[in-house]
Amino acid sequence: MAVANGEYYDDLYVKFKPSKTGYVTFKMALSSTEYPYSVGTVALCNSKKTPLSKDDVYNTNGTDSRFYTVTYGVEKGKQYYLKVYTEVGTKIKATFKSQSKSKANSRGKAKNLAKNREAKGIMIANSSKADWYKIKLTKKQKLKVTMGAQTNASGEYDGIKFSFYDGKGKLWTSESIEYFSRGYKESKWTQTYQMKDRRTGKTYPISKGTYYVKVERANRTSSGYYTLKWK
């Protein structure tokens, strides 16, 4: 637990070094009795205090925790700092959970994801490695893919990005991309992939075969934790 006091309007740096690879969530709360809520920014920095993320805005006014919590993917043994700026006294609570990083970082190395089996993974800050998953349909069906994420980012096309591809590695449609950020997506989202007759609007199951899901950071300043499941 750390307390940021904004009396002098300086940045506060909270130093930490994870003993395992995983994701860390910082939750901000008001510590001042003079104000009704706290507003400020936090940013994940490397050992030289160079920012690895944007200045992520938080606001403790309200009950939606997405707006006063941020999650970053971090690597074992690396030195990090959380840069905090606030003009109001703020308590910061950190929660760390270990999570290994997938080695299936290309379509050719895609990890097979069984039906109703939930995959869990991380996008590490300052790392461009994506995670790939393979979905094998043994029959024609409407495919329901459920995605979720916890991240630091809050923009509309920010955070964690999921893309759905056919067996040849071609994006299914131009709309087969989902972005998860703190401000623009709930923690869970289900997308149904199917064929559609443009004239009638009627939908059909997609063919049996192999499909792929790529999970990556939406941009170089985002990171976090994600889940993926299908049926």
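Check the entry above for the structure.
Since this is a predicted model, take the numbers as computed values, not measurements. Along every chain, residues carry numbers that run from 1 in the direction the sequence is written. Confidence filtering applies because this is a predicted model: local features only for residues at pLDDT of at least 70, side-chain atom pairs given and counted only at 80 or more, and all residues used for totals across whole chains, interfaces and linings. Remark: hydrogens and water are excluded; side-chain values derive from all non-hydrogen atoms of the structure.

Quick notes on the pattern of salt bridges
And step 1. By salt bridge we mean one thing: a side-chain nitrogen of Lys or Arg within 4 Å of a carboxyl oxygen of Asp or Glu. One pass over the full model with this rule turns up eight salt bridges.
And step 2. Of the charged contacts, one joins Asp64 and Arg66 as a salt bridge, the two residues approaching to 2.9 Å between their closest N and O atoms.
And step 3. Where salt bridges share partners, they join Lys161, Lys214 and Glu216 into one cluster.

Some points on a nonpolar patch on the surface
And step 1. Patch membership is restricted to residues that have no salt bridge and whose relative accessible area is over 30%. Joining uses 9 Å for like charges and 5 Å for the nonpolar side chains Val, Leu, Ile, Met, Phe, Trp and Tyr. A 1.4 Å probe and the Shrake-Rupley method give the accessible areas. Residues count as covered only by the protein chains that appear here. Together, Tyr37, Val39 and Val57 line one region of the surface with nonpolar side chains, adding up to about 240 Å² of accessible area.
And step 2. With respect to the helices and strands, Val57 occurs in strand 5 (residues 56-59).
And step 3. Only protein chains enter the accessibility calculation, which uses a 1.4 Å probe; a residue is then buried when its area is under 20% of its type maximum, exposed when over 50%, and partly exposed in between. Of the residues examined, Val57 reaches a relative accessible area of 49% and is grouped as partly exposed. In this text, helices come from DSSP runs of H or I with a minimum length of four residues, and strands from runs of E with a minimum of two, each type numbered from the N-terminal end.

Some thoughts on the nonpolar core
And step 1. For this analysis, a nonpolar core means a set of buried residues of the types Ala, Val, Leu, Ile, Met, Phe, Trp, Tyr and Cys, connected via side-chain atoms within 4.5 Å. One finds Leu143, Val145, Phe162, Val215, Tyr226 and Leu228 to be the most contacted residues of the largest nonpolar core, which totals 22 residues.
And step 2. Looking at this core, the elements with two or more residues in it are strand 10 (119-123), strand 11 (131-137), strand 12 (143-151), strand 13 (160-165), strand 18 (209-217) and strand 19 (224-230).
And step 3. At four residues, the largest contribution of residues to this core is made by strand 12.
And step 4. Two residues form a contact once any of their heavy atoms are found within 4.5 Å. With residues up to four places along the chain from it excluded, the contact list for Val145 reads Ile135, Trp189, Thr190, Gln191, Tyr193, Leu228, Lys229 and Trp230.
And step 5. Membership of the second largest hydrophobic core comes to 17 residues, among which are Val14, Val24, Val42 and Tyr80.

Describing the packing of aromatic side chains
Aromatic ring pairs are defined here through the distance separating the ring centres and the angle between the ring planes.
And step 1. Two rings belonging to Phe, Tyr or Trp (six-membered ring only in the last case) form a pair when the distance between their centres is within 6.5 Å. Interplanar angles under 30 degrees mark stacking, angles over 60 mark edge-to-face geometry, and anything in between is tilted. A complete count under the given rule lists 15 aromatic pairs for this structure.
And step 2. Geometrically, the ring pair formed by Trp132 and Tyr212 is edge-to-face, given 6.4 Å between the ring centres and 75 degrees between the ring planes. Separated by 80 residues along the polypeptide, Trp132 in strand 11 and Tyr212 in strand 18 bring together distant segments of the chain. With respect to burial, Trp132 and Tyr212 carry one shared label: buried.
And step 3. Between Phe162 and Phe180, the aromatic rings sit 5.4 Å apart at their centres with planes inclined by 70 degrees, giving edge-to-face as the arrangement. Residue Phe162 is found in strand 13, and its partner Phe180 is found in strand 14 (residues 177-180); the two are separated by 18 residues along the sequence.
And step 4. Phe180 sits in the buried class, given a relative accessible area of 1%.
And step 5. The rings of Phe16, Phe26, Tyr72 and Tyr80 are connected pair by pair, giving a single aromatic cluster.
And step 6. A positively charged side chain is recorded as over a ring if its NZ (Lys) or CZ (Arg) lies within 6 Å of the ring centre. The angle to the ring normal must also be within 35 degrees. Its end group placed over the ring of Tyr13, Lys49 keeps NZ or CZ at 4.5 Å from the ring centre.

Keep in mind these numbers describe shape, not what the thing actually does.
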